[in-house]
Amino acid sequence: AIAVTAVLKPQISHPAALRALDDAVLDSYNNLQLYDEARPLTQAWLAQRDPYGDSALGYYTHSADLLRSEHYDEALDTALQPIVFSTPNAPDKLAHCYAVAISAALGLRDKDYALTLYAEMQERALTWPTEDPTFVAPFKQLNEHLDKLHRSMNTPEPPASTLP
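These lines cover the structure that appears in this document, whether it is placed above or below.

Conventions we followed
- Residues numbered from 1 in each chain as written.
- Predicted model: local features only at pLDDT ≥ 70, side-chain atom pairs only at ≥ 80, totals over all residues.
- Heavy atoms only, no water.
- Helix = DSSP H or I, 4+ residues; strand = E, 2+ residues; numbered from the N terminus.
- Buried < 20%, exposed > 50% of the residue type's maximum accessible area, 1.4 Å probe, protein only.
- Contact = heavy atoms within 4.5 Å.
- Areas by Shrake-Rupley, 256 points an atom, 1.4 Å probe, with all protein chains shown as cover.
- 1 Å grid on protein atoms, 1.4 Å probe; cavity = no way out; pocket = protein on both sides within 12 Å on 5 of 7 lines; lining within 4 Å.
- Points joined across faces, edges and corners; volume = space filled by probe spheres on them.
- Nonpolar A, V, L, I, M, F, W, Y, C, P; charged D, E, K, R; others polar.
- Expected span 1.5 Å × (residues − 1).
- Arc of directions from axis to C-beta.
- Salt bridge = Lys/Arg side-chain N within 4 Å of Asp/Glu carboxyl O.

Considering the overall build of the protein chain
Thought 1: Counting its regular elements, the protein chain contains 8 helices and 0 strands.
Thought 2: In the protein chain, the succession of helices and strands from N to C terminus is α-α-α-α-α-α-α-α.
Thought 3: The burial tally for the protein chain puts 43% of its 164 residues in the buried class.
Thought 4: Sequence separation of 24 or more characterises 57% of the internal contacts of the protein chain that already satisfy a separation of 6 or more.
Thought 5: For the protein chain, the accessible surface area stands at approximately 9,200 Å², while carbon and sulfur atoms represent 54% of it.

Below, the structure written as structure tokens:
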């Protein structure tokens, strides 16, 4: 996708198509875990977009980068921006922003807030993103908190879905 977009970009003039192309490049770098290459693209994305748009990609990549650097407060603040401004029709990558926010809350040792965010995520029918390895350990920690909560309430409700 990255090589193809370099060829296509000079031939495209429609703003929506250029945004989609930029999203594809940023998402590709992030999926390939080429975070150093993704950082300047993320900054450019954030400078050009709003938290209430149809995509939360830049907020996700930036907040996940902060999370990996253990800047939990900043990661939480950044991830919450598209969550707060989102409409009932969730923008692309909103589930990823929820995962960052939950992970950051766990990093801040605020399990109650993490559980509240997870319940909200479920209410919105968003699923935990499994393709980003950043979220594996926090998901395990979240499941442990859910197990404890359900055991203390004596409810047979299972924990969050398992990772493949």
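Details of empty space enclosed by the protein
Thought 1: The final tally for this structure, using the stated rule, is 1 cavity of 30 Å³ or more.
Thought 2: A volume near 40 Å³ is recorded for the largest cavity.
Thought 3: Around the largest cavity sit Asn 30, Asn 31, Gln 33, Tyr 35, Tyr 60, Glu 131, Asp 132 and Pro 133, which together line it.
Thought 4: By residue class, the composition of the lining of the largest cavity is 3 nonpolar, 3 polar and 2 charged.

Quick notes on the environment of His 71
Thought 1: Residue placement: His 71 occurs in the loop between α4 (57-68) and α5 (72-85).
Thought 2: Through-space distance from the C-alpha of His 71 to that of Gly 107 is 9.0 Å; in sequence the pair is 36 residues apart.

Some points on helix α8 (residues 136-152)
Thought 1: Given a rise of 1.5 Å per residue, 17 residues ought to cover 24 Å, and the 25 Å separating the end C-alpha atoms of α8 matches this to within 8%.
Thought 2: Every buried residue of α8 is listed here: Pro 138, Phe 139, Leu 142, Asn 143, His 145, Leu 146 and His 150. End-on, the buried residues of α8 take up no more than an arc of 165 degrees, which puts them together on one face. Exposed positions of α8 whose direction lies more than 90 degrees from the buried face are Ala 137, Lys 140, Lys 148, Arg 151 and Ser 152.
Thought 3: Lining the buried residues of α8 we find α6 (94-107) and α7 (111-123).
Thought 4: Of the residues flanking the end of α8, it is Asn 154, one or two places downstream, whose phi is positive at about 55 degrees.

Notes on α6
Thought 1: Given a rise of 1.5 Å per residue, 14 residues ought to cover 20 Å, and the 20 Å separating the end C-alpha atoms of α6 matches this to within 8%.
Thought 2: For α6, the tally of buried residues reaches 13 of 14 residues, placing the bulk of the element in the interior.
Thought 3: Residue Arg 109 follows α6 closely and has a positive phi angle near 65 degrees.

Examining the pattern of salt bridges
Thought 1: Using the criterion set out here, one finds 5 salt bridges in the structure.
Thought 2: A salt bridge links Lys 93 to Asp 27; its shortest N-O distance comes to 3.4 Å. Highlighted residues: Lys 93 in the loop between α5 and α6 and Asp 27 in helix α2 (residues 15-31), separated in sequence by 66 residues. The residues Lys 93 and Asp 27 share a single accessibility class, namely buried.
Thought 3: One salt bridge in this structure joins Asp 36 and Arg 39, with 2.3 Å as the shortest N-O distance. Taken together, the positions of Asp 36 and Arg 39, both in helix α3 (residues 35-48) and 3 residues apart, correspond to about one turn of that helix.

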